[in-house]
Every structure is written in structure tokens, then in C-alpha cells.
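Take a look at the letters that make up each chain.
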Amino acid sequence: MAMLPLLIELGTEELPPKALPELAQAFFDGIATGFEKRGIEFNKNNAKALYSPRRLAALFAEVGTEQASQKSEVLGPYLNIGLNAEGAATPALLGFAAKNGLSVKQLEKTTDQKGERFVARSEKPGVATTALIAEIVSESLAALPIPKPMRWGNRDTKFIRPVHWLVMLMGNDVIDGEVMGLKSDRMSRGHRFHHNKPVWISSPHAYVDALRDSFVLVNADERRDRIREQIEAAATQAGGSARIDENLLNEVNCLVEWPSAVLCSFEKEFLVVPKETLITTMETNQKFFSVFDKDGKLSEKFIGIANIESTDVEQVRKGYERVIRPRFADAKFFYDEDLKQGIASMAEGLASVTYQQKLGTYADKTQRIAKLAEAIASEIGVDAAQAKRAAELCKADLQSRMVGEFPELQGIAGRYYAKAAGEPDVVANAIDEAYQPRFAGDAIAPSKIGQVLAIAERLDTLAGGFAAGLKPTGNKDPFALRRNALGLARTLIEGEIDIDLGSMFEKAYLQQLNAVQALAADYTWDFKNFIFDRMRNYYADQDFNSAQFDAVEAVVGGPSRPDRTFGESGLEGPPTVSLSDFDKRIKAVREFAKLPEAPALAAANKRIRNILRKVEGEIPNQVDAGLLQDKGEHDLYAAVTSAISDTDSALATRDYVAVLSRLATLRPQVDAFFDSVMVNVDDLAIRNNRLALLKLLADRFGAVAEIAQLSA
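Residues numbered from 1 in each chain as written. Predicted model: local features only at pLDDT ≥ 70, side-chain atom pairs only at ≥ 80, totals over all residues. Heavy atoms only, no water.

## A closer look at the pairing of strand β7 (residues 163-170)
Selection rule: Summary of the burial criterion: residues with accessible area below 20% of their type's maximum are buried, those above 50% are exposed, and those between are partly exposed, where the area comes from a 1.4 Å probe applied to protein chains only. By the criteria applied, helices consist of DSSP H or I runs no shorter than four residues and strands consist of E runs no shorter than two, each listed in order from the N terminus. DSSP calls a pair of strands paired once it identifies at least 2 bridges connecting them.
In terms of burial, β7 is a largely internal element, seven of the eight residues being buried. The sheet contact formed by strand β1 (residues 3-12) and β7 spans seven bridges and is antiparallel. In the strand pairing of β7, L6 is matched with M170. Here two bridges tie β7 to strand β8 (residues 173-174), and the two strands are oriented antiparallel to one another. Paired with M170 across the strands is D173, a residue of β8. Two successive antiparallel strands, β7 and β8, enclose a turn made up of two residues, where G171 displays a positive phi of approximately 65 degrees.

Below, the structure is given as C-alpha cells:
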């Protein structure tokens, strides 16, 4: 079959920059899917989605010129229905043949479980690809993820933006067709200012070069690389280095077709404003790139990316500087006024700000966090007074003008205001660090005080959410409890903070009841399971499998129970859970699973658990060496007692890798025991003694994890 290059380009008005990459890829994927559905061959490895702010395009180096032949097979009546007693065709058979455009003689026969029957087989030649392209493109466009399509003019068609031209070429020829009311052509469009006229596309292979000659870089990768190179060159010219946020770079890449970097500057007096504020203003509001000097400090230089190579760059520069100046002036005003107010005054103002109707004000929340932070700090040996002070100020910046204008600066603004008020650096930094991790992939708080505050704040948020009946349901999670749970777990695990999470949550929950009298006294919850659900995904992202997670969950915090209730006798305490300890265990289990002995020992543990589960009555706590008879049980008893003695110190120090590595050496004795020893013998004393031996072995494995979970 002949293969030819194919180009599809849909020209539009400027597309939404943040959605553009997804739209372009979905457009390309939809066309590829259309080929696959229709049996059209194409080279997947030499095809690409191309796009710019004013166009979506799909370029294929090799596409079959026609479909593969279409074979069909339609089952008809069985012989006893299709033929009468004399062997002549019945009306049923005649009707079947006519329906499929065949004579009775052209029908074939096939056999299935019920017997022999007639079948109509046919083969149609494939349709030319060019005859199907318009349909395929229309299907792809209809399937694009566009939440709110728009109409324009007097057209009935709807799309994310008005469409203006359509290019469809296969080889050197225009594909005749119509999509969204546009007749296909070979005429694209150049840059809106540099080349505002039609561009002749001679063939798909010439497309990228033809647009480049018309001041349009339609290859997003090429365009992004040019932007990066120009930014770096401009920053070097300024004697510094640029901060290039990848998300901002991708957004700017979708705003320009012919990028041109312009080095600009602002008044140095604005540098007294927190750098995060200036960077946020530049990146979020104006899509500019900030420049840092050789010492790593924010400089007065910044870089804008124009969509034009201006003949008067100075005017472009002045325009960029003019739009940023009033925003910086506002930020400086907010900062100066906040400094006059002071962070202590801001904290006092929290008493008038409602956190949640059932949970009181932000002042109430701050007091609860302070108590938790003080308790956690005392438990792990961190300065409790500093932790409490950081907690008392951690929400104060919500009252600042700066955070009112830039909500994303919560915590960051508080750090600056705390330092300005003379608070110790460790306290001020913790106010900022408490918000970490701020997003997926972000690091946890670097300091111990910051980690304590991050834990306390999330515990209060989770406890309040549970107590006020705000547990997430489906996609609804107004207080971001899932995200808070993951942030809490990550901080405890990655910070190696060994506290009893269950009792800390109990303390946090009881604070909600004590602070807000209107809360119901009875409430069912399962905090451990909620946290563990987040942890399951956390460990899956690190390539731990579900069996390894289940093995540890089975022994940490006790079995999962759906309900725990506040009743007249008070709270039935949650399970004892140390996530730091959980982390050590699951890492040890993964190392154990790599050992050659692991599958057999996991299977043996599963067998032991099944045997012990069926036992009625009590199993002795100790093995009576005098009742051991078979060599296999003598050898296993000696090996197990030796292993227990060898692993006692490792268990005490939570060196679970060492424990499981030592227990892995028991495989020969375990295998020999099950090969030669009958457990459920008639003699009750001997049977119970052998059960006690198996329990001794299983309990030592179970001191780390439920290894039986690893058995397939």
C-alpha cells in the first residue's frame, strides 16, 4: 500500500494558553484514533502534534492512501431452517441471501456448537483515505475537552474560539473536504504582524519551514527552546541569571508565535518588598521572568517575551516597565502598611474572622494549633516555647493587606512580618514552612519547628473536618482534607518524627469538642484508614506494591475497623500508629521480598496463619522442649529460638531489615518441618506444642509485618 505524508491544520483566533497543549495533543490523538478505527495504516513514530496560539495541527510523515480491504461475515439460518425436506431454499434463506446482496449459490457454510449454518461472506475494497479525512477531523474536534464552546457570527458550529482557515494536504494534493463550515485549502496564515497574509503550503513536509519563513514557529518544542535561550542570553547580558519556572515557560510558549526577549528594569526602591511578592506579580500577572544577580539576590532586571521583533525595542521595553510599576507600587504600599500594623496586631484581629461555622474563628484554630504544637514539640525534644510561639502567629498574616492581594503568599508574608517584629528566625521561618508541602512534589518543612507546626496545623484541620462532618465525599473536599492528610503523613515519614499519631489525633479531636459546644457528642470516624488510604498512593508512587503495604498495615495500628464512637464513656481511642515506624517496616519488607527465600517463607507464613486460625481453644505461650519428637521440629525449634535471640536487639532498635534478613535463614528448617511433621496429630499435648512452635515462628515474623500477605 502506498504511504504519503499528511497535514491537517485548523486556524483559529488566539486559543487559551493553559489549555493549548492538551487541546493540541487531543486533536492529534483523535485523528490517530480515527485512522485506527477505519483500518488506515500510519507511522506512529514519525508523527507529531504541532500548535501555536492561532492554530492546531497534526503532521504525519506516512499515512496509507486507502483503507485495508473490509471483510464481513454475516451468520444466517441453520441448514434445517434454510432448506426444506426436498433440499430447496426456504423463504428464510432466500430473504437472508437477498438482504446481503447474494444468490443462494454464493452463500457459504460454517459450523458452530449448534450445527451447520449458512454464512454470507464478502470483501469490499478499502475506501481512499482522502474521502475519510474530513469525517475523521470532525470527530476529533467534536471529542476535544472543551467545557464551554462558543458560537460566532451566524454559524451553527461551536468551538473554543472562532475558526478561520483549514489546510488538509496528502502528499502534494489538497484533500477535498469541509470541516466546521470551512472548505479545505493549502493556504495557511503567517504571523499576525510580521506576515499577515496567506502562506502557500506546497506539501506536508514543507509546512514547518514555510511557517518559520512566515515568522511562525509551529513546533512547540522549537519555540520553547528559543524562548529559553533568549531568556538566558538576556539574563547574562544583565550580569545575572533568570528564574525560569517551567509552568510559566510553557504558558508563555502558548502566547507567542515568534518570541523575542526584551530586557527591562524597575526602580530599585521596590526591592525592599519581599521578593516572593515581586516574583509573583511578575510571573502571575505579567508573565515576566525575574533576574537574580551573581549573589543570588533578586535584581531590578526582568525579561518580557514579546510576540514580535520590534523595530523600536525601546518602546516595547517602556511598555513592559510601565505596566509593572503600578503593581509594584501597590505591593510596596501593602507591605509598608502591614509593617506599621505589626504581626501581633494581625494575630489579635483573627478573633473576628470565622474559620468555619461549627469550628469557631481563626483565633480559636490558632489556640488549638498552639496546644498541639507544644505537645508534639515536647514529645520529640524540640523547643516547645518556640513551637507554641510560631503556632500563635501562624495565621496572623491572613489579616494582612499583602495576603489579601496575594493569597498564595500565606506563610511567606508571615515570615517577613515576624522577622520585622523581632521574632527569632526559627519562629519566623516555621510560619512559612508550616505550609509545606504546598503542592505535589514539594519538599516538607526543612526545620524541626516547621515540621512540628506543619503537623499540628494539619492535625487540627483534619480533626475539625471529621468533627464537623466535613469528610470528603466523591470529588467534594472543601477543606482539602485529603491533601492535608497526605501532607501530614509525608511530614511524619520524611521528617522521621516518631509520635503516636492516633493519640495526637485524639487530642486534636477532643479540642474541637471542648472549643465548640454545639458539636454533637457522638461521631463515627476512622482516622487511621483515612490516613492509610493516602499513604497507599504515596508508597505506590515509590514502587511499593499493594501486598507490601498490606503486610505492614496488618500489624501497625491493629486491624482496620470501620467505626469508633464518642459515647457516654468518652472516646474509644484510635489505634497506636507511628508512620515513621511504618516507613521502616515497609522498606524492610521490600528488601525481604527481593530475597530468594521470600516466596517460600511467605507461603509458609500463610499456611501457618491458616492452621492457627482454625484452632479452637488456647495455644500454649511456650514450647515444651520435652514434647518435641520429630527431628524436623527439634531443628525448627532450635533455629527459631536462636533467631529470636539474634533479632531481639534489632527489633528494639527498629532495624527491621536485619530482623527479616536473619529470619530468612530459617527457610531450610521451615521447609523440612512441613515436609516431615504432622501438626494436627491425635495426641493433644503434642499437637498444641507443635502449634505453639508455629505460633512462635509466626509471631517473630509478625513483629515486623504480616509476611503471609506477600504470598500470591
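## Some details on the pattern of salt bridges
Spelled out, the test is: The working definition used for a salt bridge is a side-chain nitrogen of Lys or Arg within 4 Å of a carboxyl oxygen of Asp or Glu.
Evaluation of the coordinates by the stated rule reveals 48 salt bridges. Notably, a salt bridge pairs D460 with K365, separated by 2.8 Å at the nearest N-O pair. On the criterion of sequence distance, the pair formed by D460 in helix α16 (residues 448-467) and K365 in helix α11 (residues 362-380) is long-range, its members being 95 residues apart. Residue D460 shares its accessibility class with K365, and that shared class is buried.

## Looking at the layout of surface pockets
A probe matching the size of a water molecule, rolled over the atoms, marks out where space remains unfilled. Stated precisely, the cut-off is as follows: A pocket, in this scheme, is an open set of points on a 1 Å grid over the protein atoms alone with protein on both sides within 12 Å along at least 5 of 7 lines, while a cavity is a set where a 1.4 Å probe fits but cannot get out; residues line either one if an atom lies within 4 Å of a point. Grid points are joined across faces, edges and corners, and a volume is the space filled by probe spheres set on the points.
Considering only enclosed or pocket space, the largest pocket measures out at about 880 Å³ in volume. In terms of lining residues, the largest pocket is bounded by 24 residues, among which R243, T280, E283, I412 and F439 are the most central. Put simply, the parts of the chain that give the lining of the largest pocket at least two residues each are α7 (246-253), α8 (275-285), α14 (412-420) and α15 (425-433). Sorting elements by how many residues they give to the lining of the largest pocket places α8 first, with six residues.

## Regarding the side chain of H195
What counts is decided by this rule: Working rule for contacts: check all heavy atoms of both residues, and any pair within 4.5 Å makes them a contact.
With respect to the helices and strands, H195 occurs in the loop between β11 (187-189) and β12 (198-200). Assessed through its relative accessible area of 17%, H195 is described here as buried. For H195, the contacting residues outside a window of four places in its chain are G190, S214 and F215.

## Observations concerning the sheet that holds β7
One open sheet holds the five strands; their spatial order is β2-β3-β1-β7-β8, and the pairing between them is antiparallel. Looking along the sheet, the strands with just one partner apiece sit at the ends: β2 (47-52) and β8. Bridge count between β1 and strand β3 (residues 55-64): eight bridges; the pairing is antiparallel. Residue pairing in the sheet places L10 in a bridge with L56 of β3.

## Focus: the environment of A370
Tracing the backbone through its elements, the reader meets A370 in helix α11. Classification of A370 as buried rests on a relative accessible area of 5%. For A370 and E408, which are 38 residues apart along the polypeptide, the C-alpha to C-alpha distance reads 23 Å.

## A word on the nonpolar core
Note the cut-off: Note on terminology: a nonpolar core comprises buried Ala, Val, Leu, Ile, Met, Phe, Trp, Tyr and Cys residues joined through side-chain atoms within 4.5 Å.
Among the nonpolar cores identified, the biggest contains 96 residues, and L459, I531, M535 and L579 are the most heavily contacted of them. A total of 10 residues in this core trace back to one element, the largest contributor, which is α16.

## A closer look at the side chain of E633
Put simply, the test is: Contacts described as polar in this section are N or O atom pairs within 3.5 Å, which, within protein, must combine one atom able to donate a hydrogen with one able to accept it, while residues neighboring in sequence count only if both atoms come from side chains.
With respect to the helices, strands and loops of the structure, E633 is situated in helix α23 (residues 631-652). A distance of 2.8 Å separates a polar atom in the side chain of E633 from the backbone nitrogen of Q629. At 2.8 Å, the side chain of E633 and the backbone nitrogen of D630 are in polar contact. If we ignore the near neighbours within four places in the chain, the residues touching E633 are L628, F673, V677, R690 and L693.

## Points about the sheet that holds strand β5 (residues 108-112)
In plain terms, the rule: Note on geometry: axes are C-alpha line fits, over the in-contact stretch for helices, and angles between N-to-C directions span 0 to 180 degrees.
Taken in spatial order, the three strands of this open sheet run β4-β6-β5, and their pairing is antiparallel. Of all the strands in the sheet, the pair left with one neighbour each is β4 (70-78) and β5. The sheet shows a mean angle of 40 degrees between the axes of neighbouring strands, direction not considered. Of the strand pairs in this sheet, β5 and strand β6 (residues 115-124) are connected by five bridges, and their pairing is antiparallel. Across the sheet, residue T110 finds its bridge partner in β6, namely R117.

## Focus on α15
The complete set of buried residues in α15 reads V427, A428, A430, I431, D432 and E433. Residues of α15 that are buried make contact with α10 (343-349), α12 (384-393), α14 and α16.

## Structural notes on the packing of aromatic side chains
Threshold: Only centres within 6.5 Å qualify two rings of Phe, Tyr or Trp (six-membered ring in Trp) as a pair; their planes then separate them into stacked at under 30 degrees, edge-to-face at over 60, and tilted for everything else. Whether a charge lies above a ring is judged from NZ of Lys or CZ of Arg, which has to be within 6 Å of the ring centre and within 35 degrees of the ring normal.
Here the structure, examined in full by the defined rule, presents 28 aromatic pairs. Considering the side-chain rings of F266 and F328, the 4.8 Å spacing of their centres and the 90 degrees angle between planes classify their relative orientation as edge-to-face. In this pair, F266 is assigned in the loop between β14 (260-265) and α8 and F328 in helix α9 (residues 313-341), connecting sequence segments 62 residues apart. Both residues of the pair, F266 and F328, belong to the buried class. Between Y355 and F479 the ring centres are 5.6 Å apart and the planes differ by 80 degrees, which places this aromatic pair in the edge-to-face class. Taken together, the positions of Y355 in strand β17 (residues 354-356) and F479 in the loop between α16 and α17 (481-494) put the pair 124 residues apart, joining distant regions of the chain. Taking the relative accessible area as the measure of exposure, Y355 reaches 13% and is therefore buried. Residue classification places F479 among the partly exposed residues on the basis of a relative accessible area of 22%. Here a set of aromatic residues connected by ring pairs shows up, and it is made of F266, F270, F288, F302, Y320 and F328. In this structure, R226 packs its charged tip against the face of W258, placed 4.7 Å from the ring centre. Stacked on the ring of F532, the Lys or Arg K528 has its end atom at 5.1 Å from the ring centre.

All quantities given are derived from atomic positions and should not be read as evidence of function.
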